[in-house]
Amino acid sequence: MRNKLVTAILTVLMLLLLVPSKVLADTGDSGLPFYVSDVAEILSDGQRQDLESTAEKISSQYGCGVYIVTLDDYREYDSKSDMFSFAQDFYRSYQLGIGDSKSGILLLLSMADRDYSLVTYGSKAHYAFTDYGQRVIASEFLDDFRENEWYEGFSDYLSCCGDLLDRADRGEPLDVVYNEPSRMNSGLSLAVIIGVPLLISFFACEMMKRQMKPVSRQTGADEYIVPGGINLSLKRDVFLNRSVTRTLIRHEDRGSSGGSMGGTTVNSAGFSGHSGKF
Amino acid sequence: MPSQVTNYQCPDCMAPLRYDGASGMLKCDYCGKEHTPESIEQYYHHQLQEAEQAAVDAVAAEAAAAAAGHHDADYSSDEVWDAEQEGMKIYQCPSCGAQLICDTTTAATSCPYCGNPSVIPGQFHGILRPDYILPFRLSKDDAVSALKQYYKGKLLLSRKFSDENHLQEIKGIYVPFWLFDGRAVADIHYRATRVMSARHGDEMVTTTDYFDVRRAGSVSFTRIPADGSQKMPDDLMDSIEPFDFTELKPFSSAYMPGFFADIYDVGDRESFERARKRGTHSAEQIIDSTVTGYSSVSPTRKQVQMYREKTSYALLPVWMLSTRWNGNNYIFAMNGQTGKFIGDLPVSKGRYFAWMGAIAAPLAALLAILLR
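Residues numbered from 1 in each chain as written. Chains lettered and ligands numbered in written order. Predicted model: local features only at pLDDT ≥ 70, side-chain atom pairs only at ≥ 80, totals over all residues. Heavy atoms only, no water.

Caption draft 1: Structural view of the interface of chain A and chain B. On the side of chain B, 68 residues touch chain A, which itself brings 54 residues to the contact. Summed over the three residues of chain A that lose the most area to chain B, namely Met212, Val215 and Tyr224 of chain A, the buried surface amounts to 15% of that side. Linking chain A to chain B there are 4 salt bridges. Our count for the contact surface shared by chain A and chain B stands at 29 residue pairs in polar contact (both at pLDDT 80 or more). At the level of elements, α7 (186–212) and β5 (225–248) of chain A are the ones that each hand at least two residues to the side of chain A that touches chain B. Considering every element that reaches the side of chain A that touches chain B, the biggest residue donor is β5 of chain A, with 22 residues. Classifying every residue of the side of chain A that touches chain B by side-chain character gives 28 nonpolar, 15 polar and 11 charged. (Contact = heavy atoms within 4.5 Å. Buried area = accessible area lost by both parts, 1.4 Å probe. Salt bridge = Lys/Arg side-chain N within 4 Å of Asp/Glu carboxyl O. Polar contact = N/O pair within 3.5 Å; in protein donor to acceptor, adjacent residues only side chain to side chain. Helix = DSSP H or I, 4+ residues; strand = E, 2+ residues; numbered from the N terminus. Nonpolar A, V, L, I, M, F, W, Y, C, P; charged D, E, K, R; others polar.)

Caption draft 2: Examining the pairing of strand β1 (residues 17–20) of chain B more closely. All names here are of chain B. Both β1 and strand β2 (residues 25–28) contribute to a ladder of 4 bridges, which runs antiparallel. Looking at β2, one finds that Asp20 is bridged to Met25. The hairpin turn running from β1 into β2, its antiparallel successor, is 4 residues long, and Gly24 in that turn takes a positive phi close to 70 degrees. (Pairing = 2+ DSSP bridges.)

Caption draft 3: Just helix α8 (residues 349–370) of chain B, in detail. Between the first and last C-alpha of α8 of chain B there are 31 Å, a value that for 22 residues agrees with the 32 Å anticipated at 1.5 Å per step. Every buried residue of α8 of chain B is accounted for by Tyr352, Met356, Ile359, Ala360, Ala364 and Leu367 of chain B. (Expected span 1.5 Å × (residues − 1). Buried < 20%, exposed > 50% of the residue type's maximum accessible area, 1.4 Å probe, protein only.)

Caption draft 4: Summary view of the environment of Cys64 of chain A. Residue and element names in this part refer to chain A. Residue placement: Cys64 occurs in the loop between α2 (45–62) and β2 (65–71). Cys64 sits 64 residues away from Ala128 along the chain, and the two C-alpha atoms are 9.5 Å apart. Contacts of Cys64, omitting those with residues within four sequence positions, involve Ser59, Ile98, Ser103, Gly104, Lys124, Ala125, Phe129 and Leu165.

In short, geometric facts, not functional conclusions.
Now the structure itself:
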């Protein structure tokens, strides 16, 4: 525990040294004066400023910090923790988050082994970013990151965070159980409400109709088989060849991310999220 | 000259006899006496022989007359010619003397003037004589009540149809059937796969084994029926199966009074084609069912032959009912032995759409609540 604390303090100090001074800005009551920190330098200045401006706007609008941090290798700061633990330590050490509950969401990229971690903290963030919502966010940026399209991935991340915070603001956080139907647009809902019952009633009526026309030719003669009249004289099964295919099982979700039961899974430290590779 | 027709008459009071399916006896409705078919057959044995001989003589005489270029002088040649040209035959009712005009396949009928049931024994002479007869077990009343029962539970049947339509005709008919014994021999090749998946570390390993499978065997059938009457719809006759052939009796015309009967006009060779298709289809399915334990099976080569081993000719009991409604005829058939009743009914469009609405509306309401 003591080692972790020391490591966290060292990390904070090193990051403060590493963070370019031009990105320092007022970030409300957060302990870190930025929303976007590109230590790995994968973004151009213009892109970083654009993202910073968007993140700041979303954060201040919904009262929930939305953060992006890129590092060359998180193990340079903490060689013993895994990516998810490191992201939690980072969030705590920099006192990220807005408001009394320190609500926020952090996307942290470590470029050396193409690791990422997505962590959320605080009541507002937990309400808006359910386990399902976090998977939706991850699916938005992962396809871009796999193509090394960093700006597009971060833009999608911010856009998705904005959407989810907006839904939560309206009292309709995106969740797997309760919110899927509400994602349907009204046209589709109407089509389902009319189309499905019509289809079911059509099949039911066709079955009734078939009952009215039972006359048909017989196709088999099973009733006239002589008892003991079935004689199987040859039964041969010859093995020809074998083919083997191997498929890699992806491990995108790790850490404390929950299943598909809905809601948000929060660990004992008050964090929710997961880590993986891109 | 009209061919000979025989009435089975009560030996006690000489009134016409009628075969009663429920008791299996020939009944006299006049004096109430009952007689076994065997006793009546024995009683009429001599008369039957005479009738059959008369039928043979008549055919021979007609052939000779045709060869000599002249016809029987007792009858107008035009009249006889016209009737035969139309595929009809003329018989004389032994009870009232009226002339009965029937088609050439009729073997038993009833006189439209006096109502007496008549049998035409000459129709069963030589190769036309059936091997077996399956006597009627169910009566006309059973057929009528079966029709009423048949209407019940048909949700798309217009109430007007069951209320307004009236039975136009109801006939108990001995329908000529060919019964085929045979053996289907099959030799089928298949390509089969067996797929297994297992997780090894971070990999899902899928193993597919390919097999060449071959099955050969035979399936023996007994008495696959196929009707030998052009007048009877094949699908209707197929639909009233099965018959219980353990109750088959050696043919006797003593079972026929009170019913209609036809002789075959579709030969055994033509009818066997239907039995062959049914036999090979069943054999294929049975052989297919022996290929088990695979993830997928598809046949690559099939050789299925059906060999005919024995053919019997039998008269089977069928009640035919016909009704007329809205200008259309509806024909129903009932197995005269088992009571299996079948026939197509008209679908009421109004009821069809009413049911569609009745099912769809509450479902739509439920979905609307769930998706709200």
